[in-house]
Amino acid sequence: METEHIFIVKNYFSSDFKLGILGGGQLGRMLLAETQKLDIYTTILDSSTNAPCAEICNKFVVGNLLDFDAVYNFGKTVDVLTIEIENVNLDALDKLEEEGLTIYPKPKDLRVIQSKARQKNFYIDNQIPTADFSHYAYLEELKHSYENNIIDFPFVWKAARFGYDGNGVKIVRNIEDLESLPNVECITEKLIPFKNELAVIVARNADGETNTYPVVEMEFHPEANQVEYVICPARIDFKVAEKAREIALKVVSKLDFVGLLAVEMFQTKKDDILVNEVAPRPHNSGHYSIEASYTNQFEQHLRSILNLPLGNTESKVAGIMVNLVGEEGFSGDVVYEKIEDILKIEGVTPHIYGKKETRPFRKMGHVTIVNKDIDKAREIAQKVKETIKVISKQ
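The shown structure was predicted, so the numbers you read here are calculated from the model rather than taken from an experiment.

J.: Kindly report on the pairing of strand β17 (residues 332-337), identifying the contributing residues and their values.
T.: Of the pairings in the sheet, the one linking β17 to strand β19 (residues 357-358) comprises 2 bridges and is antiparallel in character. Counterpart to Gly 332 in the pairing with β19 is Thr 358. With 4 bridges connecting them, β17 and strand β21 (residues 389-392) associate as antiparallel partners. Along β21, the bridge assignment pairs Val 335 with Ile 391.

J.: Just give me the short version of the side chain of Glu 209, but keep the residues and values in it.
T.: With respect to the secondary-structure elements, Glu 209 resides in the loop between β10 (194-204) and β11 (210-212). Among buried Asp, Glu, Lys and Arg side chains, Glu 209 stands out as unpaired, with Arg 303 the closest opposite charge at 7.4 Å.

J.: How would you summarise helix α8 (residues 238-255) if you had to cite specific residues and measurements?
T.: With 18 residues, α8 extends 26 Å between its outermost C-alpha atoms, agreeing within 8% with the 26 Å of an ideal straight helix rising 1.5 Å per residue. Where α8 is concerned, the buried positions are Val 240, Ala 241, Ala 244, Ile 247, Ala 248, Val 251, Val 252 and Leu 255. Buried residues of α8, seen end-on, are gathered within an arc of 140° and therefore sit on one face of the element. Opposite its buried face, α8 presents the exposed residues Phe 238, Lys 239 and Ser 253, each directed more than 90 degrees away. For α8, the secondary structure elements touched by its buried residues are α4 (107-114), α5 (116-125), β10, β14 (259-268) and β15 (273-279). The backbone nitrogen of Lys 239 has a side-chain oxygen 2.9 Å away, supplied by the residue at the start of α8, namely Asp 237. Asp 256 sits one or two residues past α8 and shows a positive phi near 55°.

J.: I'd like a rundown of the packing of aromatic side chains, residues and numbers included.
T.: The geometry of an aromatic ring pair is captured by two quantities: the separation of the ring centres and the angle between the planes. Enumeration according to the criterion identifies 7 aromatic pairs in this entry. Aromatic pair Tyr 12 and Phe 17: ring centres 4.7 Å apart, planes at 70°, arrangement edge-to-face. Like Tyr 12, the residue Phe 17 is buried in the burial classification. Aromatic side chains Phe 68 and Tyr 72 sit 5.8 Å apart centroid to centroid with 10° between the ring planes, which places their arrangement in the stacked category. Of the two residues, Phe 68 and Tyr 72 are both situated in helix α2 (residues 68-75); the distance of 4 residues between them amounts to about one turn of the helix. When its relative accessible area of 15% is taken as the criterion, Tyr 72 is described as buried. Ring pairing ties together the aromatic residues Tyr 12, Phe 13 and Phe 17, which thus form one cluster. Seen from the ring of Tyr 41, Lys 18 lies directly overhead, with NZ or CZ sitting 5.0 Å from the centre. Its end group placed over the ring of Tyr 229, Arg 378 keeps NZ or CZ at 4.0 Å from the ring centre.

Parameters at a glance
Residues numbered from 1 in each chain as written. Predicted model: local features only at pLDDT ≥ 70, side-chain atom pairs only at ≥ 80, totals over all residues. Heavy atoms only, no water. Pairing = 2+ DSSP bridges. Helix = DSSP H or I, 4+ residues; strand = E, 2+ residues; numbered from the N terminus. Buried < 20%, exposed > 50% of the residue type's maximum accessible area, 1.4 Å probe, protein only. Lys, Arg positive; Asp, Glu negative; His and termini not counted. Salt bridge = Lys/Arg side-chain N within 4 Å of Asp/Glu carboxyl O. Expected span 1.5 Å × (residues − 1). Arc of directions from axis to C-beta. Contact = heavy atoms within 4.5 Å. Polar contact = N/O pair within 3.5 Å; in protein donor to acceptor, adjacent residues only side chain to side chain. Phe/Tyr/Trp six-rings, centres within 6.5 Å; stacked < 30°, edge-to-face > 60°. Lys NZ or Arg CZ within 6 Å of the ring centre and 35° of its normal.

Geometry only, nothing functional implied.
And the structure:
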């Protein structure tokens, strides 16, 4: 028998309610499209006056997200606080929560997720499948393990904190790679031979209503370690997809998570599913949903943190997302070369993030391709990738 949810909806819409977002990057910009659609007053904290959100939110506050006073004082001005980046001052969030502010995702969950070492230990403690790993406080400790044959090449090195978009992750294949690593707290993992990298986005509100998006498949750039393509639905067996979905739901349940959680996974050669890491916010793997889903991930994030009924996560049509990143060899004022050519193609929608300056591999936007035929969509995605270039003025 299904549980009936009774929602008591506060007056968030066209009212004096204030939503606060820590972070003013492209994820915040896409969240703002949804708060504007619903007329929810939204204020943003970010360190950069040129942040993508700066000119389009109701109120923009300049401040360091890792500074206690900046985060605490910002939190005192809003009714509900959320994030678009997880690297924020948690001591300030703890104090705000103690004083009664509603914060989703919860500070306790961010404390687990901020540290890759804590995150991995959480998986082990809760019998969630993940790659074997070792934890090192500093580089010399890691080198000592190698010298004493405790670990061997190749392995994956990850900075314990502050990694993003491929930064803070490196495949270490030889002693030269090892010597070039920064002297920071880190983890190492076995290099997993996998078929696919997958992701499942799960939404959960405070009443415990939970919904998952379809499993997506991610194709990565070999050098930058960034996602190049996100393919929905993933081209995998139904049983594998169900296994991935069940594991993602287990992560959310064990965290008692509220908000949107993206669970990134490996599908091994034997069709086992291993959790790689999670992101407690809207995620690159869900951008396709703006055009392809009944409820896009940004609206769903709002629904979950405001304890509203969750929306339909099914896709209306197959969707593929192509990341637009700065071309190598170009830095400075951005130019989107041949954007008019991709606009001629049916089912293609570009999203430009409002970053005025490009640099190699910087995320500058994305393009969604929708088509009834997933293979046709992938074909068009390749054409889009080969056509549009993010360069700079000469």
